[in-house]
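Residue-level structure breakdown
Take a look at the letters that make up each chain.
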Amino acid sequence: MQTIEKVKDINKKNEVIRSAIRLFNMSGYTGTSVRAIANDAGVNIALISYYFGGKKGLLEYLMSSFFEGYLDEMESAIEQTTHLEPLLCTRLIQIADRMIRYQQRYFYLSRCVHREMTLDTNLIREFMASYLMKEKYLLEMVFKQEESNHVAIPTDILVMQYRDMIIMPFLHPQYIRRIHDLQPHEDYFRKYYLQYIKYWADQLFAQIS
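About the criteria used
Residues numbered from 1 in each chain as written. Predicted model: local features only at pLDDT ≥ 70, side-chain atom pairs only at ≥ 80, totals over all residues. Heavy atoms only, no water. Helix = DSSP H or I, 4+ residues; strand = E, 2+ residues; numbered from the N terminus. Buried < 20%, exposed > 50% of the residue type's maximum accessible area, 1.4 Å probe, protein only. Salt bridge = Lys/Arg side-chain N within 4 Å of Asp/Glu carboxyl O. Polar contact = N/O pair within 3.5 Å; in protein donor to acceptor, adjacent residues only side chain to side chain. Contact = heavy atoms within 4.5 Å. Core = buried A, V, L, I, M, F, W, Y, C linked by side-chain atoms within 4.5 Å. pLDDT = per-residue confidence, 0-100. Arc of directions from axis to C-beta. Axes fitted to C-alpha atoms, helices over the stretch in contact; angles between N-to-C directions. Parallel < 35°, antiparallel > 145°, perpendicular 65-115°, else oblique. Left-handed = near helix turned anticlockwise from the far one by under 90°.

Some thoughts on the environment of Cys89
Relative to the helices and strands, Cys89 resides in helix 5 (residues 88-105). Judged by relative accessible area, which is 9%, Cys89 ranks as buried.

Overview of the pattern of salt bridges
All chains considered together, the criterion is met by 12 salt bridges. Across the salt bridge formed by Lys191 and Asp187, the nearest N and O atoms sit 3.3 Å from each other. One end of the pair is Lys191 and the other is Asp187, both in helix 10 (residues 187-205) and 4 residues apart, which spans about a single turn. A relative accessible area of 35% places Asp187 in the partly exposed class. Asp202 serves as the salt-bridge partner of Lys198, at 2.8 Å between the closest nitrogen and oxygen.

Regarding the side chain of Thr81
In this fold, Thr81 is placed in helix 4 (residues 55-84). A polar contact is formed between the side chain of Thr81 and the backbone oxygen of Ala77, at a distance of 2.8 Å. Among all residues touching Thr81, those that are not within four sequence positions of it are Arg91, Gln94 and Ile95.

A word on unusual backbone geometry
Unusually for a residue other than glycine, Asp181 sits at a positive phi of about 55°. Note on placement: Asp181 falls in the loop between helix 9 (173-180) and helix 10.

Focus: the nonpolar core
Grouped together as the largest cluster of nonpolar side chains are 66 residues, with contacts concentrated most on Phe67, Tyr70, Leu92, Tyr162, Ile197, Trp200 and Phe205. For this core, the element with the highest residue contribution is helix 4, accounting for 11 residues.

What about the confidence of the model for the chain?
This prediction gives the chain a mean pLDDT of 91; 91% of its residues lie at or above 70. Averaged over each element, pLDDT in the chain is lowest for helix 1 (residues 2-27) (83) and highest for helix 2 (residues 34-41) (97).

A word on helix 9
Buried within helix 9 are the following residues: Pro173, Ile176 and Arg177. Down the axis, helix 9 shows its buried residues gathered within 95° of arc, on one side only. Set apart from the buried face of helix 9 by more than 90 degrees, the exposed residues are Arg178 and Ile179. Taken together, the buried residues of helix 9 touch helix 6 (107-116), helix 8 (155-171) and helix 10. Of the residues one or two after helix 9, Asp181 is the one with positive phi, at around 55°.

Considerations on the packing of helix 5 against helix 10
At their nearest, the axes of helix 5 and helix 10 sit 9 Å apart, and the two run at 150° to each other. One finds that helix 5 runs roughly antiparallel with respect to helix 10. Seen along the crossing, helix 5 lies across helix 10 with a hand that is right-handed. Seen from helix 5, the contacting residues are Leu88, Cys89, Leu92, Ile93, Ala96, Asp97, Ile100, Arg101 and Gln104; seen from helix 10, they are Asp187, Arg190, Tyr193, Leu194, Ile197, Lys198, Trp200, Ala201, Asp202 and Phe205.

Remarks on the environment of Phe67
Among the secondary structure elements, Phe67 is positioned in helix 4. Sequence separation between Phe67 and Glu140 is 73 residues, and the spatial gap between their C-alpha atoms is 18 Å. Dropping the residues within four chain positions of it, Phe67 is found in contact with Val113, Met117, Phe127, Tyr131 and Leu132.

The structure is reproduced here in structure tokens:
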């Protein structure tokens, strides 16, 4: 009986998470009430405070979960490609591929997190000072590993350009869908989009790899 109750408890928590992701995507964090999340998940409103400490705690949980997985994936991709692939251009494509796959796997969560990160709140500042600073450090290491890098572009600009290409489809999915009739969560889009990132990398780094 105790095991069954635990399973039910986990299922309710997962329903809250799914509902929050869906509603945050539709109406944004500020436009979504705790009651709306509870109603959509089919749970008592008090459970959201019990599981997450309220709506802010729920958002923090979602964003932390996303970034911890995101940075683990990035760190693993960088480490693997550093050992196996000598060409910087190829490493950049392989890392981008892994990161786009990750965001496709958690498409709606990715969209929700990237959109919230454009706002200026205390919570977002905390995430920038922790998760995004680590992301910056990891990407800087990729470009700085190339000791013969003679590209006349500062490393911080390269990091910003590369990162923007990786997250753009998940920051602006509606634009991509409605205006360009492409589906950023589909596998064909990833293959198509990686060709552009490859072109960017080839133009900048083929001469030095």
